[in-house]
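Close look at the chain arrangement
Given next are the chains, with one letter for each unit.
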There are 2 protein chains.
Amino acid sequence: MDDTDDTDDTPGRKPRMATMEALSVAIGVSRPTLSRYFQDPSRLKPSTCERIRQGLERVEYVPNFFATRMNRKSTGMIGVIIPYLNDLFFTRLLESIEIAAMRRGYTVIVQCSHSDPAIEARAAETFLSMNVDGALVAPLGNNSDYEVHERLNARMPFVLVDSRPRSMSDVDFVGTDHRQSTSLITDYLCRVGQPPAFLAMPRVNFNAMAREQAYIGRMKELGHEPTVIGTEPIRDDWLFEAHGQGVLEGQFSRGAFTDRSILCVNDRVAIGALRAAARHGLRPGQGAEGGLRIAGHDGYPLCPFVTPALTTIAQDVTGIGRAAIDVLVKKIRGENTETSPHIQLFAGALKVRESA
Amino acid sequence: MDDTDDTDDTPGRKPRMATMEALSVAIGVSRPTLSRYFQDPSRLKPSTCERIRQGLERVEYVPNFFATRMNRKSTGMIGVIIPYLNDLFFTRLLESIEIAAMRRGYTVIVQCSHSDPAIEARAAETFLSMNVDGALVAPLGNNSDYEVHERLNARMPFVLVDSRPRSMSDVDFVGTDHRQSTSLITDYLCRVGQPPAFLAMPRVNFNAMAREQAYIGRMKELGHEPTVIGTEPIRDDWLFEAHGQGVLEGQFSRGAFTDRSILCVNDRVAIGALRAAARHGLRPGQGAEGGLRIAGHDGYPLCPFVTPALTTIAQDVTGIGRAAIDVLVKKIRGENTETSPHIQLFAGALKVRESA
DNA sequence: ATATCTTTTTTACGTGCGGAAATGTTAGAC
DNA sequence: GTCTAACATTTCCGCACGTAAAAAAGATAT
């Protein structure tokens, strides 16, 4: 650690070079040449290139991340903020984002808000201090401190994903077209059974609100009376599943909604709804005698494995993640030739299974 | 961006100082004084402290992450590698790790292997170049390149979490005591019904193997004949749920295992098993007529919401995450007074629900 | 052999900040 | 009022590398 000659010869291993300087004397080329080798080997004569390559095979050297990033105009890093981790929707989104970014040669720095606006703000702060090339943010919801997003947006290439605060309508955004997706499944439910009621969530999430609005709008277009339940929180630390189950158990035990179609704001709520049905001896399904049908929204990976298998709208998570990175990278590279703001909405795909 | 005076006076906002130098002239103290203010304000005279604080309120300044980290002996960062994200067990583990690290004042850098040893290796490389103070690794499984872990272990404080390769038995480890947990549920299943069969996974995961072995051992101790199924992969890109469902559907359609207790290697496999049962009209459960019971392992958050609610062993994810950070931080601070290696195993807790 | 071009090396400076040593300041004791 | 200790602040160098310019070394053509 304190070797003055910047090397560390642990027996049995390759000698480790701590600095590029030490590496250069070990290989026998100058340090600037090495620097250029690491950035773009093609700018060196092939023979020199080969000599360096062979030298590198005989020692262990990994360039100092901070020193390299400090001077370069670009850090090659993209900051990603997601609201919480314990939701497979977001993990799949994150996965597609990471893979897409990796392909483009960027290092992704993930920060999770853990449902806490203060942590979200700190994450933004971290990105600013790390000079990330750009930021991809899935906001927390109504609790978010928008100034945080605005500051990021003002200081670096910035793209919102998944959910978009009303106040940030002029910011680039990639997500699902909830009007389309909700209409699609509303239409389907109207076609195969009674017009659905909507099992909502407390208003803490923009997508939830967007879907609720889309449901109401579509129902009216179809000449049906919209019915929304579940906007009141059951308890404070609610999980989506517990919320769905709690709301519906309340209704079922009053004998309400036992023979209707129920469109849930998302799959996790729907899984709770299925649970409530099961506990009340109800069998929701396509050909259900009672007429109870339950559908979700998102394409949660577990939908095919619950009983009955959950009919839902699958969001194109992979497409969204990839597109978000595409837009962000374009902004980073200054190839922003398109209309501004760039709003890209993906269509949802109907997945008909057993539950509706 | 190219301001030579290191400031940026965007109208309507606080003037932004790009460097500590600029900040120092703006406030009227020397740069090193500022430096010490940010590291430990108590080392400054209260009056100076107050002057700086007031100055900071009138401008916007965030110190450069790289520059600060480059010289400090400690970067204040902990690297965490997890094998994949699309599993709520790992997201919960990660959550508890992040919260624990945050409390200790560390910044967590998460890298996900995405089931790919090459990505895992690159993540380790990143940690080395970033000079993280220590690394917490949940290894990929049999596919992992152990040299990667060994290198990290040799070069920085290092702790394995969740799963431990056989070849790394001398490395600090925090995880669940699978002998205890598996025995606990095996005993329970033997007590309430027929001795269980074990629905395993292909041997790609150490915990899966450990549980399988624990099951076999415990069954023999109890004088029962162990039965293991599901060690052959159904298809290549198998999901855990699909694996459980596939294996059991094969058995059920041959009329096998329809009236036995089945202990699944984990909850995701068990959810697939429940699905298989449902598709064959079977109703696993505590007082099941046919005698079919299905139990899992892990404490997957969805267990209470599937039908029937899944009986399982809950791992103490929060405890594991917190303990792992504790050990790692101790190693980082050189307070490693205990026996080496530090092996810390947490007990699992039986969660009796409906399915068994 | 000389001129021209390409490649590499030398040299030197910059990045934003940490840290040790030197300098300045203050307060208490005489 | 001076001296000294104690503390506060500044000066200065260093970190590991990027980058630019100038000088040197090869390579190729004439």
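If you're wondering where the values come from, they're calculated on a predicted model, not measured in any experiment.

Observations concerning the domain arrangement of chain A
Per the domain assignment, the segments of chain A are domain 1 (1–72), domain 2 (77–176 + 318–345) and domain 3 (178–314). A separation of 59 Å is found between the C-alpha centroids of domain 1 of chain A and domain 3 of chain A.

Some remarks on the protein's contact with DNA strand C
What surrounds DNA strand C is a group of 26 residues, the closest being T33 and T48 of chain A together with M20, S35 and K73 of chain B. Restricting attention to atoms of DNA strand C within 4 Å of the protein, one finds that 66% of them are sugar or phosphate atoms. A distance of 3.0 Å separates a phosphate oxygen of DNA strand C from a polar backbone atom of K45 of chain A. M20 of chain B is positioned such that a nitrogen or oxygen atom in its backbone is 2.4 Å from a phosphate oxygen of DNA strand C. Breaking the surface near DNA strand C down by element, the ones donating at least two residues are α2 (31–39) and α4 (65–71) of chain A together with α2 (31–39) and α4 (65–71) of chain B. Partitioned by chemical class, the residues of the surface near DNA strand C number 10 nonpolar, 10 polar and 6 charged.

With respect to the relation of the copies chain B and chain A
With an RMSD of 0.1 Å, chain B superimposes on chain A once it is rotated by 180° and translated 0.0 Å along the axis. Both copies of the chain, as the preceding transformation shows, are related through a two-fold rotation axis. The C-alpha atom lying nearest the rotation axis in chain B is that of F66 of chain B; the distance is 2.5 Å. Looking at chain B, 100% of its interface residues are interface residues in chain A too, so the copies touch through the same face.

Quick notes on the sheet that holds strand β7 (residues 158–161) of chain A
Residue and element names in this part refer to chain A. Spatially, the 6 strands line up as an open sheet ordered β5-β4-β6-β7-β8-β14, and their pairing is parallel. One side of each edge strand has no neighbouring strand; the edge strands of this open sheet are β5 (107–112) and β14 (343–346). Strand-to-strand twist of the sheet, defined as the mean angle between neighbouring strand axes without regard to direction, takes the value 15°. Note that β7 and strand β8 (residues 173–176) share 2 bridges and pair parallel. Looking at β8, one finds that V161 is bridged to V174.

Concerning the sheet that holds strand β7 (residues 158–161) of chain B
All names here are of chain B. The sheet built from 6 strands is open, its strands ordered β5-β4-β6-β7-β8-β14 with parallel pairing. The sheet is open, and its two edges are formed by β5 (107–112) and β14 (343–346), each paired on a single side. Strand after strand, the sheet turns through a mean of 15° between neighbouring axes, direction not considered. The pairing of strand β8 (residues 173–176) with β14 spans 4 bridges and is parallel. When the sheet's bridge partners are listed, G175 is paired in β14 with L345. Along the sheet, helix α12 (residues 317–332) makes contact with β4 (77–82), β6 (134–137), β7, β8 and β14, crossing β7 at roughly 165°.

A few points about the protein's contact with DNA strand D
Around DNA strand D sit 23 residues in total, of which M20 and K73 of chain A together with S30, R36 and T48 of chain B are the nearest. Atoms of DNA strand D within 4 Å of the protein: sugar and phosphate make up 61%, bases the balance. In this structure, a base oxygen belonging to DNA strand D sits 3.2 Å away from a side-chain N or O atom of R31 of chain A. Taking N64 of chain A, its main chain carries an N or O atom lying 3.2 Å from a phosphate oxygen of DNA strand D. Looking at the surface near DNA strand D, the elements with two or more residues in it are α2 and α4 of chain A together with α2 and α4 of chain B.

What counts and what doesn't
- Residues numbered from 1 in each chain as written.
- Chains lettered and ligands numbered in written order.
- Predicted model: local features only at pLDDT ≥ 70, side-chain atom pairs only at ≥ 80, totals over all residues.
- Heavy atoms only, no water.
- Domains from an automatic or database assignment.
- Near = heavy atom within 4 Å.
- Polar contact = N/O pair within 3.5 Å; in protein donor to acceptor, adjacent residues only side chain to side chain.
- Helix = DSSP H or I, 4+ residues; strand = E, 2+ residues; numbered from the N terminus.
- Nonpolar A, V, L, I, M, F, W, Y, C, P; charged D, E, K, R; others polar.
- Least-squares fit on C-alpha atoms with pLDDT ≥ 70 in both.
- Contact = heavy atoms within 4.5 Å.
- Pairing = 2+ DSSP bridges.
- Axes fitted to C-alpha atoms, helices over the stretch in contact; angles between N-to-C directions.

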